[in-house]
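Overview (structure and organization)
Spelled out, the chains give:
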Amino acid sequence: MPELPEVETVRRTLKNFILNKKITDITVIYDKIISGETGKFVEAVRGQTIRDIDRAGKYLIFVLDDVAFVSHLRMEGKYNIVSTDTEIKKHEHIIFRLDDGNDLRYHDTRKFGRIELKGRGTYREELPLSKLGAEPAFADADLLFRQFKKSRLPIKSLLLDQSILSGIGNIYANEICYRMKLHPETLGTQMTKNLTQELLSVAAEVLDAATKLGGTTIHSFDAGGITGRFQSELLIHTQKVCPKCQAKVTKITVGGRGTYFCENCQKREM
């Protein structure tokens, strides 16, 4: 699933291709991708010009003249830019015709992604964005500490809770815990103020480094030759051997998510 660095890379790259392009028509092939009434969405978006592309956590926001629409890529959603005369592929579900002879096409093998019409100036105050927690670089450590102390869920699960911190997914949660030497099953109630502050600093550093390298894996955009070069920087996620102590990496399930950690380097905080 694309996380903050991947979605930010998509945002920046799309802006190079489609900013100030007019959407002349929309073809909806699989309407369940659109939350709400499909006809209303098409009517509101057709004829609008793409003025900006914003991001909140893992969400992309296409800001138009009078409205906006929020897009969540979920597991395998991606946007392709191709010539209008290109044959429509099997998993291309929403086709935005642009006035430059190209299409912006939403491709999603699993059909899990969602697109939802929002107000141009109010989308951050509307669901689902209104329930997002702050991104690590902007989060308040004291508030986060109080949230952790109320929960007996493991820190790995809390990192994935977008209402607490936004933008972190499974890959980066594993990396953050490893770089902190923090056991992924450490409970929220076991977190200290110092650990919470360190977690925010490490999380922000990891996400920033990954963003600079185009993310870890870019399944969500394949125009312009973008590749996720942070793949080579992963220290624990999908690794076999700990790079610090050479012990075998352990894989367990925490909150239903595959979790990689080193039993030697990541001691449970008590």
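Residues numbered from 1 in each chain as written. Predicted model: local features only at pLDDT ≥ 70, side-chain atom pairs only at ≥ 80, totals over all residues. Heavy atoms only, no water.

**Things to note about the pattern of salt bridges**
According to the stated counting rule, one finds 16 salt bridges in the structure shown. A salt bridge links arginine 105 to glutamate 92; its shortest N-O distance comes to 3.0 Å. With a gap of 13 residues between them, arginine 105 in strand β8 (residues 102–107) and glutamate 92 in strand β7 (residues 92–98) connect regions that are remote in the sequence. Considered together, arginine 105 and glutamate 92 belong to a single accessibility category, that of buried residues. Between arginine 97 and aspartate 103 there is a salt bridge, with the nearest N and O atoms lying 2.5 Å from each other. (Salt bridge = Lys/Arg side-chain N within 4 Å of Asp/Glu carboxyl O. Helix = DSSP H or I, 4+ residues; strand = E, 2+ residues; numbered from the N terminus. Buried < 20%, exposed > 50% of the residue type's maximum accessible area, 1.4 Å probe, protein only.)

**Quick word on the packing of helix α3 (residues 141–149) against helix α6 (residues 193–212)**
Axis separation between α3 and α6 bottoms out at 9 Å; the angle between their running directions is 120°. For the crossing formed where α3 meets α6, the hand is right-handed. For the pair α3 and α6, contact is made by Ala141, Leu144, Phe145 and Phe148 and by Lys193, Thr196, Gln197, Leu199 and Leu200, respectively. Each residue belonging to the contact of α3 with α6 can be placed in one class, and the counts come to 6 nonpolar, 2 polar and 1 charged. (Axes fitted to C-alpha atoms, helices over the stretch in contact; angles between N-to-C directions. Left-handed = near helix turned anticlockwise from the far one by under 90°. Contact = heavy atoms within 4.5 Å. Nonpolar A, V, L, I, M, F, W, Y, C, P; charged D, E, K, R; others polar.)

**Re the environment of leucine 153**
Position of leucine 153 among the secondary structure elements: in the loop between α3 and α4 (155–160). Each C-alpha atom of the pair leucine 153 and phenylalanine 138 lies 23 Å from the other, and the pair is 15 residues apart in sequence. If we ignore the near neighbours within four places in the chain, the residues touching leucine 153 are Leu158, Thr186, Leu187 and Gly188.

**So, the sheet that holds strand β9 (residues 114–119)**
As summarised here, the arrangement of the 5 strands in space is β2-β9-β5-β4-β3, forming an open sheet in which the pairing is mixed. Both outer strands of the open sheet, β2 (34–35) and β3 (52–56), are each paired with one neighbouring strand and no more. As judged from the 5 bridges shared by β3 and strand β4 (residues 59–63), these two strands associate in the antiparallel manner. Counterpart to isoleucine 53 in the pairing with β4 is phenylalanine 62. Each of β2, β5 (67–72) and β9 is contacted by helix α2 (residues 38–45), which is oriented at about 60° to β9, the strand it contacts most. (Pairing = 2+ DSSP bridges.)

**Considerations on the nonpolar core**
Ile155, Leu159, Ile168, Ile176 and Leu199 are the most contacted members of the largest nonpolar core, which totals 29 residues. At the level of secondary structure, the elements contributing two or more residues to this core comprise α3, α4, α5 (170–179) and α6. Not counting chain neighbours up to four residues away, the residues in contact with isoleucine 176 comprise Leu159, Ile168, Leu199, Val202, Ala203 and Val206. Core analysis: the next-biggest nonpolar cluster, separate from the first, contains 27 residues, Ile23, Ile26, Ile94 and Ile115 among them. (Core = buried A, V, L, I, M, F, W, Y, C linked by side-chain atoms within 4.5 Å.)

**Observations concerning the domain arrangement of the chain**
If you check the domain split of the chain, you get domain 1 (4–130) and domain 2 (136–261). Each of domain 1 and domain 2 was reduced to a C-alpha centroid, and the two centroids are 28 Å apart. (Domains from an automatic or database assignment.)

**Examining the packing of α5 against α6**
Axis separation between α5 and α6 bottoms out at 9 Å; the angle between their running directions is 130°. By the angle between their axes, α5 is oblique relative to α6. As for the relative orientation of α5 and α6, their crossing is right-handed in sense. For the pair α5 and α6, the contacting residues are Tyr172, Glu175, Ile176 and Arg179 in the first and Leu199, Val202, Ala203, Val206, Leu207 and Ala210 in the second. (Parallel < 35°, antiparallel > 145°, perpendicular 65-115°, else oblique.)

**A look at the sheet that holds β7**
Reading across from one edge, β1-β7-β8-β6 is the order of the 4 strands in this open sheet, with antiparallel pairing throughout. What marks the edges here is a single partner per strand, and that holds for β1 (23–28) and β6 (78–83). Ignoring strand direction, the axes of neighbouring strands in this sheet form an average angle of 20°. In this structure, β7 lies alongside β8, joined through 5 bridges in antiparallel fashion. Bridging from a neighbouring strand, phenylalanine 96 pairs with leucine 104 of β8. Contacts from helix α1 (residues 4–18) reach β6, β7 and β8 within the one sheet, and its direction differs from that of β6 by about 20°. The sheet contacts of α2 involve β1 and β7, and relative to β1 the element is tilted by about 165°.

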